[in-house]
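Take a look at the letters that make up each chain.
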Amino acid sequence: TLKIAELLGILFRTGTRNLNAVELAETMLKKFGSLAALARATIEELREFDGVGIAKAVEIQAAFELGRRLSREENLERPAIKSANDVARLMKPDMQTLDREHFKILLLNTKHRVIQTHTVSIGSLNASVVHPRECFRPAILAQAAAVILVHNHPSGDPEPSSEDINLTRRLVAAGDLLGIKVLDHVIIAGNTHASVMEKGVG
(Lines give C-alpha, C1' and ligand atoms only; values in the text may rest on other atoms or scores of the structure.)
Protein backbone atom coordinates (compact mmCIF):
# COMPACT_ATOMS: atom_id res chain seq x y z
CA THR A 1 0.00 0.00 0.00
CA LEU A 2 1.37 3.38 -0.99
CA LYS A 3 1.89 6.01 1.69
CA ILE A 4 0.02 9.32 1.52
CA ALA A 5 3.15 11.19 0.42
CA GLU A 6 3.73 8.65 -2.36
CA LEU A 7 0.14 9.02 -3.60
CA LEU A 8 0.51 12.80 -3.59
CA GLY A 9 3.84 12.44 -5.37
CA ILE A 10 2.09 10.57 -8.20
CA LEU A 11 -0.42 13.42 -8.40
CA PHE A 12 2.34 16.06 -8.42
CA ARG A 13 4.34 14.16 -11.09
CA THR A 14 7.32 16.53 -10.74
CA GLY A 15 9.10 18.12 -7.83
CA THR A 16 11.57 20.97 -7.66
CA ARG A 17 15.27 21.40 -8.35
CA ASN A 18 16.06 20.17 -4.83
CA LEU A 19 13.13 17.87 -4.03
CA ASN A 20 11.52 15.05 -5.95
CA ALA A 21 7.72 14.81 -6.08
CA VAL A 22 7.41 12.60 -2.97
CA GLU A 23 9.73 14.83 -0.96
CA LEU A 24 7.70 17.86 -1.99
CA ALA A 25 4.56 16.06 -0.80
CA GLU A 26 6.21 15.23 2.53
CA THR A 27 7.22 18.88 2.95
CA MET A 28 3.65 20.05 2.32
CA LEU A 29 2.16 17.49 4.70
CA LYS A 30 4.61 18.53 7.40
CA LYS A 31 3.78 22.21 6.85
CA PHE A 32 0.01 21.73 7.02
CA GLY A 33 0.16 19.07 9.73
CA SER A 34 -2.31 16.62 8.20
CA LEU A 35 -3.93 15.50 4.97
CA ALA A 36 -7.22 17.08 6.11
CA ALA A 37 -5.52 20.47 6.55
CA LEU A 38 -3.90 20.13 3.12
CA ALA A 39 -7.32 19.32 1.64
CA ARG A 40 -8.73 22.66 2.75
CA ALA A 41 -5.71 24.74 1.67
CA THR A 42 -6.38 27.59 -0.72
CA ILE A 43 -4.67 27.95 -4.09
CA GLU A 44 -2.65 30.84 -2.65
CA GLU A 45 -1.44 28.70 0.26
CA LEU A 46 -0.47 25.85 -2.07
CA ARG A 47 1.43 28.21 -4.37
CA GLU A 48 3.66 29.28 -1.49
CA PHE A 49 5.63 26.07 -2.08
CA ASP A 50 8.44 26.13 -4.58
CA GLY A 51 7.45 24.02 -7.57
CA VAL A 52 3.70 24.49 -7.13
CA GLY A 53 2.26 26.83 -9.74
CA ILE A 54 -1.37 27.65 -10.30
CA ALA A 55 -1.94 24.60 -12.55
CA LYS A 56 -0.58 22.16 -9.96
CA ALA A 57 -2.47 23.91 -7.15
CA VAL A 58 -5.74 23.56 -9.09
CA GLU A 59 -4.98 19.89 -9.78
CA ILE A 60 -4.43 19.27 -6.06
CA GLN A 61 -7.73 20.93 -5.16
CA ALA A 62 -9.51 19.02 -7.93
CA ALA A 63 -8.18 15.68 -6.64
CA PHE A 64 -9.50 16.37 -3.14
CA GLU A 65 -12.86 17.49 -4.53
CA LEU A 66 -13.13 14.27 -6.55
CA GLY A 67 -12.53 12.32 -3.36
CA ARG A 68 -15.30 14.21 -1.57
CA ARG A 69 -17.73 13.68 -4.45
CA LEU A 70 -16.92 9.98 -4.60
CA SER A 71 -17.75 9.67 -0.92
CA ARG A 72 -21.07 11.43 -1.48
CA GLU A 73 -21.86 9.24 -4.50
CA GLU A 74 -21.19 6.08 -2.53
CA ASN A 75 -23.75 7.26 0.01
CA LEU A 76 -26.55 7.90 -2.48
CA GLU A 77 -28.20 4.64 -1.43
CA ARG A 78 -28.31 5.62 2.19
CA PRO A 79 -29.13 3.02 4.81
CA ALA A 80 -31.32 3.77 7.79
CA ILE A 81 -29.52 5.79 10.44
CA LYS A 82 -29.25 3.60 13.52
CA SER A 83 -26.42 5.21 15.47
CA ALA A 84 -24.05 8.15 15.77
CA ASN A 85 -21.50 6.04 13.88
CA ASP A 86 -23.87 5.92 10.89
CA VAL A 87 -24.21 9.70 11.01
CA ALA A 88 -20.44 10.18 11.20
CA ARG A 89 -19.84 7.78 8.31
CA LEU A 90 -22.28 9.77 6.18
CA MET A 91 -21.20 13.29 7.14
CA LYS A 92 -17.45 13.12 7.83
CA PRO A 93 -16.34 13.31 4.16
CA ASP A 94 -17.93 16.76 3.83
CA MET A 95 -17.45 18.09 7.35
CA GLN A 96 -14.14 16.89 8.79
CA THR A 97 -12.01 19.38 6.83
CA LEU A 98 -14.19 22.50 7.27
CA ASP A 99 -12.44 25.44 8.94
CA ARG A 100 -15.64 27.02 10.31
CA GLU A 101 -18.55 25.54 12.21
CA HIS A 102 -21.30 24.27 9.92
CA PHE A 103 -24.58 23.25 11.53
CA LYS A 104 -26.57 20.75 9.48
CA ILE A 105 -29.75 18.79 9.99
CA LEU A 106 -30.56 15.35 8.62
CA LEU A 107 -34.23 14.92 7.75
CA LEU A 108 -35.45 11.35 8.22
CA ASN A 109 -38.56 9.43 7.23
CA THR A 110 -40.46 7.04 9.50
CA LYS A 111 -37.87 4.30 8.82
CA HIS A 112 -35.07 6.73 9.74
CA ARG A 113 -33.74 6.89 6.21
CA VAL A 114 -32.29 10.23 5.12
CA ILE A 115 -34.66 12.33 3.02
CA GLN A 116 -32.47 15.43 2.82
CA THR A 117 -29.43 17.06 4.35
CA HIS A 118 -29.93 20.74 5.07
CA THR A 119 -27.36 23.37 6.11
CA VAL A 120 -28.87 25.54 8.84
CA SER A 121 -25.97 27.91 9.51
CA ILE A 122 -22.30 28.56 8.90
CA GLY A 123 -20.57 30.18 11.84
CA SER A 124 -17.16 31.46 12.85
CA LEU A 125 -14.18 29.40 13.99
CA ASN A 126 -15.90 28.42 17.21
CA ALA A 127 -19.58 29.24 17.08
CA SER A 128 -22.71 28.65 15.06
CA VAL A 129 -25.87 30.72 15.24
CA VAL A 130 -28.83 28.37 15.20
CA HIS A 131 -32.52 29.14 15.67
CA PRO A 132 -35.19 26.45 16.12
CA ARG A 133 -37.33 27.88 13.31
CA GLU A 134 -34.43 27.51 10.85
CA CYS A 135 -33.92 23.90 11.91
CA PHE A 136 -37.52 22.76 11.73
CA ARG A 137 -38.80 24.73 8.73
CA PRO A 138 -37.17 22.33 6.21
CA ALA A 139 -38.24 19.35 8.35
CA ILE A 140 -41.88 20.49 8.23
CA LEU A 141 -41.73 21.15 4.47
CA ALA A 142 -40.20 17.72 3.85
CA GLN A 143 -42.72 16.06 6.20
CA ALA A 144 -39.83 14.52 8.11
CA ALA A 145 -40.70 12.17 10.95
CA ALA A 146 -37.45 12.79 12.81
CA VAL A 147 -34.22 14.76 12.56
CA ILE A 148 -30.59 14.46 13.58
CA LEU A 149 -28.50 17.52 14.34
CA VAL A 150 -24.90 17.57 13.11
CA HIS A 151 -22.16 20.13 13.42
CA ASN A 152 -18.38 20.20 13.29
CA HIS A 153 -15.71 21.39 15.70
CA PRO A 154 -12.78 22.77 13.66
CA SER A 155 -10.69 22.61 16.86
CA GLY A 156 -10.54 18.81 16.54
CA ASP A 157 -12.11 18.24 19.98
CA PRO A 158 -15.49 16.46 19.71
CA GLU A 159 -16.55 17.12 23.30
CA PRO A 160 -19.82 19.13 23.41
CA SER A 161 -19.55 22.61 24.86
CA SER A 162 -22.09 24.03 27.30
CA GLU A 163 -23.57 25.94 24.34
CA ASP A 164 -23.91 22.68 22.38
CA ILE A 165 -25.72 21.06 25.31
CA ASN A 166 -28.08 24.00 25.84
CA LEU A 167 -28.84 24.19 22.11
CA THR A 168 -29.60 20.47 22.01
CA ARG A 169 -32.08 20.80 24.87
CA ARG A 170 -33.79 23.76 23.18
CA LEU A 171 -34.14 21.91 19.89
CA VAL A 172 -35.35 18.70 21.53
CA ALA A 173 -38.05 20.71 23.30
CA ALA A 174 -39.00 22.50 20.07
CA GLY A 175 -39.16 19.20 18.21
CA ASP A 176 -41.43 17.71 20.86
CA LEU A 177 -43.87 20.62 20.43
CA LEU A 178 -43.89 20.08 16.65
CA GLY A 179 -44.12 16.30 16.82
CA ILE A 180 -40.71 15.89 15.17
CA LYS A 181 -38.32 13.75 17.20
CA VAL A 182 -34.72 14.92 17.59
CA LEU A 183 -32.91 11.57 17.62
CA ASP A 184 -29.37 12.80 18.21
CA HIS A 185 -26.89 15.65 17.96
CA VAL A 186 -23.57 14.44 16.53
CA ILE A 187 -20.40 16.52 16.69
CA ILE A 188 -17.72 15.81 14.09
CA ALA A 189 -14.14 16.85 14.82
CA GLY A 190 -11.61 15.73 12.25
CA ASN A 191 -11.68 11.94 12.20
CA THR A 192 -13.50 11.66 15.53
CA HIS A 193 -17.06 12.30 16.61
CA ALA A 194 -19.27 12.40 19.68
CA SER A 195 -22.99 12.00 20.36
CA VAL A 196 -24.54 14.55 22.69
CA MET A 197 -27.42 12.16 23.37
CA GLU A 198 -25.12 9.31 24.31
CA LYS A 199 -23.71 11.59 26.99
CA GLY A 200 -27.15 11.74 28.58
CA VAL A 201 -28.13 15.14 27.26
CA GLY A 202 -31.44 15.66 25.60
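Higher on the page you've got the structure.
Conventions and cut-offs
- Residues numbered from 1 in each chain as written.
- Predicted model: local features only at pLDDT ≥ 70, side-chain atom pairs only at ≥ 80, totals over all residues.
- Heavy atoms only, no water.
- Helix = DSSP H or I, 4+ residues; strand = E, 2+ residues; numbered from the N terminus.
- Buried < 20%, exposed > 50% of the residue type's maximum accessible area, 1.4 Å probe, protein only.
- Contact = heavy atoms within 4.5 Å.
- Areas by Shrake-Rupley, 256 points an atom, 1.4 Å probe, with all protein chains shown as cover.
- Arc of directions from axis to C-beta.
- Axes fitted to C-alpha atoms, helices over the stretch in contact; angles between N-to-C directions.
- Parallel < 35°, antiparallel > 145°, perpendicular 65-115°, else oblique.
- Left-handed = near helix turned anticlockwise from the far one by under 90°.

(A) How the structure looks around the overall build of the protein chain. The secondary structure content of the protein chain amounts to eight helices and five strands. Start at the N end of the protein chain and walk to the C end: the helices and strands fall as α-α-α-α-α-α-β-β-α-β-α-β-β. Each of the three principal axes of the protein chain carries a C-alpha extent, and together these read 65 × 35 × 25 Å. Going through the 202 residues of the protein chain one by one, you find that 41% of them count as buried. Across the protein chain, contacts joining residues at least 24 apart in sequence account for 61% of those joining residues at least 6 apart. For the protein chain, the exposed area adds up to about 11400 Å²; of that, 51% sits on carbon and sulfur atoms.

(B) Region of the structure containing helix 1 (residues 4-12). Turning to helix 1, its buried residues are Ala5, Leu8, Gly9 and Phe12. An end-on view of helix 1 places all buried positions within 105 degrees of arc, on one side of the element. Just beyond helix 1, the residue with positive phi is Arg13, at close to 70 degrees.

(C) Spatial organisation of unusual backbone geometry. For His112, which is not glycine, the phi torsion reads 65 degrees and is therefore positive. Tracing the sequence through the fold places His112 in the loop between strand 1 (102-108) and strand 2 (114-122). His112 gets classed as partly exposed once you look at its relative accessible area, which sits at 29%. The backbone of Gln143 sits at a positive phi, close to 55 degrees, despite the residue not being glycine. Structurally, Gln143 is set in the loop between helix 7 (132-141) and strand 3 (146-152).

(D) Summary view of the packing of helix 7 against helix 8 (residues 162-178). Contact geometry for helix 7 and helix 8: axes closest at 10 Å, N-to-C directions at 40 degrees. Taken together, helix 7 and helix 8 sit at an angle that is classed as oblique. Where helix 7 crosses over helix 8, the handedness of that crossing is right-handed. Listed contacts from helix 8 to Pro132, Cys135, Phe136 and Ile140 of helix 7 are Arg170, Leu171, Ala174, Gly175 and Leu178.

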